[in-house]
Amino acid sequence: MQVKILGSAAGGGFPQWNCACPNCSGVRNGHFEGKPRLQTQLAVSGDGATWFLLGASPDLRAQIESAPDLHPRNGFRHSPIAGAILASADLDHVLGLLLLRELQPLRVYATESVLHQLRDENRMFAMLNRIPEQVRWSVIRAEEQIALQTVEGTSLGIDCKSVALSSRLPAYATGSANSNDAVIGLILSNNSGRKLGFFPQLPCLTPELHALFASLDFLLMDGTFWSDDELIRLQGTGQRARDMGHIPVGGREGTLEQLKALAKPRKMYIHINNTNPMLNEAGPEYRQVRDAGWELAGDGCQLTL
Ligand SMILES: [Zn+2]
């Protein structure tokens, strides 16, 4: 299985257009040891020819152009991208679907809660079904393992299992979902048994999740915030990380400490908010992350599992 990290920032990207936090300002004035990032987006493939996106980022057009493997190859209208798997209905995770509306046949996998938000509650996503053979929506259910397929039914050689994490819906939706499949983690595996875990939003950490993480070969983990009150300290107002469904990285209750015994998988933080101090590679938080055996996912990073 090939994995491309096309983007690694949380919503807004890094730097964010209206942000003058120390990180964003530092990148703009050229005095920052760290890399700019597009919004989180992955592409996976079993054979290097047919690809599935994990999420659909608002930066998707530039991300596809930056990856030659994802460019059209056969004929006037073609794409090696066969579809997408969605882990939530968050705007920065689904807006890219609207950029894929050029009548290209695609299969989109998502849970009932996410599909309901996109298809029943938002008319704009109907642009993906203007003609019969455009986007085919496929339901994924928690704990069920499915074999990823193109619209034509061709297998990708990659299995996907979802892990239900939360009933929390994005801010544009009202209330919460009826089940805890509004936010999921994704486990992708190939026939050699190698496993990738994609958890860009982790609202809770249970013993079961800990055991699951320990069984992976590669883990991409929620790195949104360093501390629970990060936005409040910077802006004087705002939500806490945990209230937004993100366990922070740092602190005694953070994932760095909670997952310190995690030995097997290669571990990267992804979905990193522009305010997170660990983005500063000259800072103590970055050093702490690296000393604990974690990496920061970077745009353009490619791996083979
Ligand atoms: Zn910022």
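See above for the structure.
Residues numbered from 1 in each chain as written. Predicted model: local features only at pLDDT ≥ 70, side-chain atom pairs only at ≥ 80, totals over all residues. Heavy atoms only, no water.

**Focus on empty space enclosed by the protein**
In total, this model carries one cavity of 30 Å³ or more according to the counting rule given. Its boundaries defined by the atoms lining it, the largest cavity holds a volume of some 130 Å³. Taken together, 15 residues form the lining of the largest cavity, with D90, D92, H93, P200 and H271 sitting closest to its centre. When contributions to the lining of the largest cavity are tallied by element, the ones reaching two or more residues are α3 (91-98) and β9 (183-190). (1 Å grid on protein atoms, 1.4 Å probe; cavity = no way out; pocket = protein on both sides within 12 Å on 5 of 7 lines; lining within 4 Å. Points joined across faces, edges and corners; volume = space filled by probe spheres on them. Helix = DSSP H or I, 4+ residues; strand = E, 2+ residues; numbered from the N terminus.)

**Describing the coordination of the zinc ion**
Donor atoms from the polypeptide that coordinate the zinc ion comprise C19 (SG), C21 (SG), C24 (SG) and N274 (OD1), at 2.2 to 2.3 Å from the metal. Viewed at the metal, the four donor atoms of the zinc ion are separated by angles of 99 to 119°, and the geometry they form is tetrahedral. Expressed as a motif, the donor residue spacing for the zinc ion is C-x1-C-x2-C-x249-N. (Donors = N, O, S within 2.8 Å, 3.2 Å for Na, K, Ca; no water. Tetrahedral: all angles 85-135°; square planar, octahedral: opposite > 155°, others 65-115°.)

**Things to note about the pairing of strand β6 (residues 135-139)**
Across five bridges, the pairing between strand β5 (residues 106-110) and β6 is parallel. Pairing of V108 across the sheet is with W137, part of β6. Regarding topology, helix α4 (residues 112-120) serves as the crossover connection from β5 to the parallel β6, and that connection is right-handed. (Pairing = 2+ DSSP bridges. Right-handed = clockwise from strand over helix to strand, strands pointing away.)

**With respect to the pattern of salt bridges**
Per the stated rule, a full pass over the model turns up eleven salt bridges. K35 is the salt-bridge partner of E281, the closest N and O atoms lying 3.0 Å from each other. Here E281 is found in the loop between β12 (266-270) and α8 (284-291), whereas its partner K35 is found in the loop between α1 (22-29) and β2 (41-45), with 246 residues between them in sequence. For E281, a relative accessible area of 25% corresponds to the partly exposed category. (Salt bridge = Lys/Arg side-chain N within 4 Å of Asp/Glu carboxyl O. Buried < 20%, exposed > 50% of the residue type's maximum accessible area, 1.4 Å probe, protein only.)

**A short note on the packing of aromatic side chains**
Applying the stated criterion across every chain yields a total of four aromatic pairs. When the ring of F52 is compared with that of Y109, the centres are 5.7 Å apart and the planes differ by 40°; the resulting orientation is tilted. Of this pair, F52 sits in strand β3 (residues 51-54) while Y109 sits in strand β5; the two residues are 57 residues apart in sequence, bridging distant segments of the chain. Residue Y109 is classed as buried on the basis of its relative accessible area, which comes to 5%. Look at F199 and F213: their rings are 4.9 Å apart centre to centre, the planes differ by 80°, and that puts the pair in the edge-to-face class. With F199 in strand β10 (residues 195-199) and F213 in helix α5 (residues 207-214), the pair connects residues that are 14 residues apart, well separated along the chain. Residue F213 is classed as buried on the basis of its relative accessible area of 0%. A cation over an aromatic ring shows up here: K267 above the ring of W294, its NZ or CZ 5.9 Å from the ring centre. (Phe/Tyr/Trp six-rings, centres within 6.5 Å; stacked < 30°, edge-to-face > 60°. Lys NZ or Arg CZ within 6 Å of the ring centre and 35° of its normal.)

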